[in-house]
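# Coordinate analysis (summary)
Letter by letter, the chains look like this.
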Amino acid sequence: QKEVEQDPGPLSVPEGAIVSLNCTYSNSAFQYFMWYRQYSRKGPELLMYTYSSGNKEDGRFTAQVDKSSKYISLFIRDSQPSDSATYLCALNTGFQKLVFGTGTRLLVSP
Amino acid sequence: EAGVTQFPSHSVIEKGQTVTLRCDPISGHDNLYWYRRVMGKEIKFLLHFVKESKQDESGMPNNRFLAERTGGTYSTLKVQPAELEDSGVYFCASSRDLTNSGNTIYFGEGSWLTVV
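Below, the structure is looked at part by part. Everything quoted here is computed from the prediction, not taken from an experiment.

As a further point, take the overall build of chain A. Assigned secondary structure in chain A consists of 0 helices and 11 strands. Starting at the N terminus and walking to the C terminus, you meet the elements of chain A as β-β-β-β-β-β-β-β-β-β-β. Principal-axis analysis of the C-alpha atoms places the extent of chain A at approximately 40 × 25 × 20 Å. In chain A, which comprises 110 residues, the share counted as buried stands at 46%. Taking as baseline every contact in chain A between residues at least 6 positions apart, the subset at least 24 positions apart corresponds to 54%. Counting only carbon and sulfur atoms, one obtains 49% of the accessible surface of chain A, whose full area is about 5200 Å². With 11 positive and 10 negative side-chain charges, chain A shows a separation of 7 Å between the mean positions of the two kinds.

The next subject is the side chain of Ser 79 of chain A. The residue Ser 79 of chain A is located in the loop between β8 (71-76) and β9 (85-92) in this model. Beyond its immediate stretch of four places on either side in the chain, Ser 79 of chain A contacts Val 13, Pro 14, Glu 15, Gly 16, Ala 17, Val 19, Arg 60 and Val 108 of chain A.

With that settled, the discussion passes to the interface of chain A and chain B. Contact residues are listed per partner, giving 20 residues for chain A and 24 residues for chain B. Of the roughly 1900 Å² buried between chain A and chain B on both sides combined, carbon and sulfur atoms contribute 50%. The interface formed by chain A and chain B contains 6 residue pairs in polar contact (both at pLDDT 80 or more). Elements supplying a minimum of two residues to the side of chain A that touches chain B: β4 (32-38), β5 (45-51) and β9 of chain A. Looking at which element gives the most residues to the side of chain A that touches chain B, the answer is β4 of chain A, with 4 residues.

Further remarks concern the state of the cysteines. All names here are of chain A. Summed over the entire model, instances satisfying the criterion amount to 2 disulfides over all chains. Covalent S-S linkage joins Cys 23 and Cys 89, the inter-sulfur distance amounting to 2.0 Å. Negative torsions about the S-S bond denote left-handed disulfides, and the value of about -100° found for Cys 23 with Cys 89 makes this one left-handed. Residue Cys 23 is located in strand β3 (residues 19-25), and its partner Cys 89 is located in strand β9; the two are separated by 66 residues in the primary sequence. With relative accessibility at 0%, the residue Cys 89 sits in the buried group.

The rules behind these values
- Residues numbered from 1 in each chain as written.
- Chains lettered and ligands numbered in written order.
- Predicted model: local features only at pLDDT ≥ 70, side-chain atom pairs only at ≥ 80, totals over all residues.
- Heavy atoms only, no water.
- Helix = DSSP H or I, 4+ residues; strand = E, 2+ residues; numbered from the N terminus.
- Buried < 20%, exposed > 50% of the residue type's maximum accessible area, 1.4 Å probe, protein only.
- Contact = heavy atoms within 4.5 Å.
- Areas by Shrake-Rupley, 256 points an atom, 1.4 Å probe, with all protein chains shown as cover.
- Lys, Arg positive; Asp, Glu negative; His and termini not counted.
- Charge placed at Lys NZ, Arg CZ, Asp CG, Glu CD.
- Buried area = accessible area lost by both parts, 1.4 Å probe.
- Polar contact = N/O pair within 3.5 Å; in protein donor to acceptor, adjacent residues only side chain to side chain.
- Disulfide = S-S within 2.5 Å.

Geometric values such as these leave the question of function open.
Right, here's the structure in full:
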């Protein structure tokens, strides 16, 4: 069983839609939860990180962590075509070795 | 401020040959990481340097892979001899310190390796 599970998609939505991206994990030692965005042929770019459970908002992006369910989410409001990319969840235990999900490919059509 | 830079961006080599990938971290970043993504799989950790010392090399797949960071600045990852299953994209990343306040790890654009 993988430590982090993420649906690879693709997830296709119209412009303006609310997007929900999710990961589940199995290791309860994970304490730090990151979301990276990766455009084609580019490196991962950190979008948001959350420590422990709770919500964190940054503009159109909201990260949510539920440690009791081992479930993390990234919500994108008012999605734009420029949001089309692969979104990767990444977790660590506090030592900076990241464990990644496979990534979800998001396509936002105009 | 320059980001993490990697060279070469693309490389095609024959099975059995040697390839050396280079990474220049962000200036002042003591922590340097190598990750790899092979086709259809998730990005996986290879190893972590703190300055010139290997902090964690638990992700290195086998002894065909050798990573160095002489002087604590740039790093090289050598694959010798390369096998078909080594094809993928190799990412380098760096961070300033080990505290998790911000936990900001910056990635390079990757070195795309194809072994034929």
